[in-house]
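# Coordinates in review
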2 protein chains.
Amino acid sequence: MRKIKCIVTYDGSRFSGYQIQPGQRTVQGELEKALAKIHKGSHTGVHASGRTDAGVHAIRQVFHFETSYQIPEEKWKKAINSLLPGDIYITSSEEVASSFHSRFDVKRKEYRYYVSNTVEPNVFWRNYVFHFAYQLNLESMQEACRHLEGTHDFTSFTSAKATTKGSKIRTIYHASCSERDGQIEFIFRGNGFLYNMVRIIIGTLLDIGQGRKKPEDIQSIIGKKDRKYAGETAPPQGLYLWKVIYEENDEEIPSKP
Amino acid sequence: MRKIKCIVTYDGSRFSGYQIQPGQRTVQGELEKALAKIHKGSHTGVHASGRTDAGVHAIRQVFHFETSYQIPEEKWKKAINSLLPGDIYITSSEEVASSFHSRFDVKRKEYRYYVSNTVEPNVFWRNYVFHFAYQLNLESMQEACRHLEGTHDFTSFTSAKATTKGSKIRTIYHASCSERDGQIEFIFRGNGFLYNMVRIIIGTLLDIGQGRKKPEDIQSIIGKKDRKYAGETAPPQGLYLWKVIYEENDEEIPSKP
């Protein structure tokens with residue numbers, strides 16, 4: 001068996017999330033349907049770097065699958081794309097060592113979140129940016145980002161319903177926000193993110209941007225290890241799984257497509 | 001009765017066009033549904049500057065309606081928006097003279113069309129830009145645009161199925177194309193546009209950009225007065241009704257939202 005690694009981008013707005021679910025339109029479901037067609041009806045499971053929720057987008061999600069077919073590694077991209085709907089597109093395919101695993105081998109992930117902080121909403125952005133009309137103080141949110149960086153127990157920043165057992169300690173290498181073209185871009189890079197972690201961080205940063213919490217409150221919220229001290233979970237449409245890093249070849253993707 | 005004029009923006013991707021049709025989701029249908037709610041169930045017809053087809057967007061479409069309700073002119077915007085779905089948004093409302101008519105009083109219209117001329121498609125643009133992978137010569141298309149300007153019989157550039165009787169003579173005051181951020185922006189301003197006229201012009205310009213026709217062929221195609229000499233009808237998702245001009249207050253809208 002050969003192992004093929006693909007990078008895939010998807011518009012999450014019309015999917016019930018990444019993970020396959022009976023009767024739902026999912027990214028994994030569409031990928032496995034395309035691979036089954038190529039493999040003459042036989043099931044080929046795909047393994048992604050992790051799930052994304054309904055409405056969440058991906059710029060460079062990674063998945064792998066195993067195959068006995070002798071299609072050249074770079075041709076898988078075209079073969080699968082020809083069978084995918086318009087809201088999923090594979091940007092590269094390559095053969096990898098049999099030891100590679102798209103989930104277990106992740107070194108770091110990057111997520112970005114976009115907020116349009118304008119009075120009027122933009123109908124063309126409604127599925128791609130979170131419209132937040134109240135005025136935000138960018139400097140306060142930047143200061144709060146610095147308190148998020150480092151190795152912490154992020155229990156306060158994950159869904160209380162999360163069933164994940166094990167450590168809630170994660171390292172955020174980079175957290176920042178900046179304004180561009182009327183949109184606020186939040187960037188988070190870390191060695192792993194808990195369920196809903198980025199969206200709860202955003203909800204908390206928006207509280208800080210409005211002056212309802214202080215930047216240094218991030219430290220005490222982390223210390224509480226209790227979901228109820230953090231802000232609300234921000235909606236999915238502003239969130240992008242930006243890239244998944246396996247090695248130290250961390251090239252920059254300059255701008256939002 | 002008072003007459004209220006509104007400017008409305010909509011994302012056409014999930015509508016079966018502007019005009020109301022039984023059993024279909026349309027922009028006019030959503031506007032009249034909202035107005036019926038405000039008017040306690042009684043029908044209030046809306047009159048737009050013109051129709052847009054399924055998948056076509058509008059930045060500043062104009063419509064009017066008549067009402068006996070004494071809501072202040074600028075409050076209609078908020079009242080109607082609160083009842084509209086997320087893909088339609090009214091950006092202004094004002095009371096106008098009873099003699100005003102949003103269709104009959106139009107002096108000029110502006111349409112824009114966006115083509116992404118890149119090898120790879122972008123999943124986030126699929127409903128908003130026409131992806132055209134073949135290489136295009138921008139200068140040839142710019143030259144062709146100059147042949148479109150002026151007063152011509154545009155019979156060759158309207159659907160052969162068009163049922164419109166009367167003159168097919170229209171004046172194009174401005175036709176241009178330019179490249180920005182990997183997208184080609186086409187701008188057309190005229191005193192009126194026939195059914196499918198912009199999309200057939202775009203199909204013809206793309207032939208010229210590929211070298212399949214010459215820029216000066218525009219003149220002979222116009223002279224033929226026969227739809228079969230022009231190019232194909234370009235798809236709807238790249239097309240935006242950009243603005244509707246009633247007076248000589250032709251302010252610029254700088255960039256695509």
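From a predicted model like this one, the values you see are computed outputs, not experimental measurements.

What counts as what
Residues numbered from 1 in each chain as written. Chains lettered and ligands numbered in written order. Predicted model: local features only at pLDDT ≥ 70, side-chain atom pairs only at ≥ 80, totals over all residues. Heavy atoms only, no water. Domains from an automatic or database assignment. Contact = heavy atoms within 4.5 Å. Buried area = accessible area lost by both parts, 1.4 Å probe. Salt bridge = Lys/Arg side-chain N within 4 Å of Asp/Glu carboxyl O. Polar contact = N/O pair within 3.5 Å; in protein donor to acceptor, adjacent residues only side chain to side chain. Nonpolar A, V, L, I, M, F, W, Y, C, P; charged D, E, K, R; others polar. Least-squares fit on C-alpha atoms with pLDDT ≥ 70 in both. Helix = DSSP H or I, 4+ residues; strand = E, 2+ residues; numbered from the N terminus.

### Quick word on the domain arrangement of chain A
Put simply, an interface is often sized by how much accessible area is lost when its parts join up. All names here are of chain A. Domain parsing of chain A yields domain 1 (2-96) and domain 2 (108-245). Facing the 16 residues of domain 1 at the interface are 15 residues of domain 2. Across the domain 1/domain 2 interface, buried area totals approximately 1200 Å², and carbon plus sulfur atoms make up 57% of it. Of all residues in domain 1, Asp53, His57 and Ile59 give up the largest surface area on contact with domain 2, accounting jointly for 41% of the area buried on that side. Between Asp53 and Arg199 there is a salt bridge, and its shortest N-O distance comes to 3.5 Å. Our count for the domain 1 to domain 2 interface comes out at nine residue pairs in polar contact (both at pLDDT 80 or more). Grouping the constituent residues of the side of domain 1 that touches domain 2 by class yields five nonpolar, seven polar and four charged.

### Overview of the relation of the copies chain A and chain B
Here the two chain copies are tied together by a rotation about an axis and a shift along that axis. By a simple turn and slide, chain A fits onto chain B: the slide is 0.0 Å along the axis, the RMSD is 0.0 Å, and the turn is 180°. Both copies of the chain, as the preceding transformation shows, are related through a two-fold rotation axis. Here 100% of the contact residues of chain A are again contact residues in chain B; the copies associate through an equivalent surface.

### A few points about the interface of chain A and chain B
Each partner contributes to the interface: chain A provides 23 residues, whereas chain B provides 23 residues. Here chain A and chain B share an interface that buries about 2000 Å² over both sides, 57% of which is from carbon and sulfur atoms. Inspection of the region where chain A meets chain B yields six salt bridges. Across the pair A:Arg126 and B:Asp11 runs a salt bridge, and its minimum N-O distance is 2.8 Å. Those elements that place two or more of their residues in the side of chain A that touches chain B are strand 1 (2-10), strand 3 (57-67) and strand 4 (88-96) of chain A.

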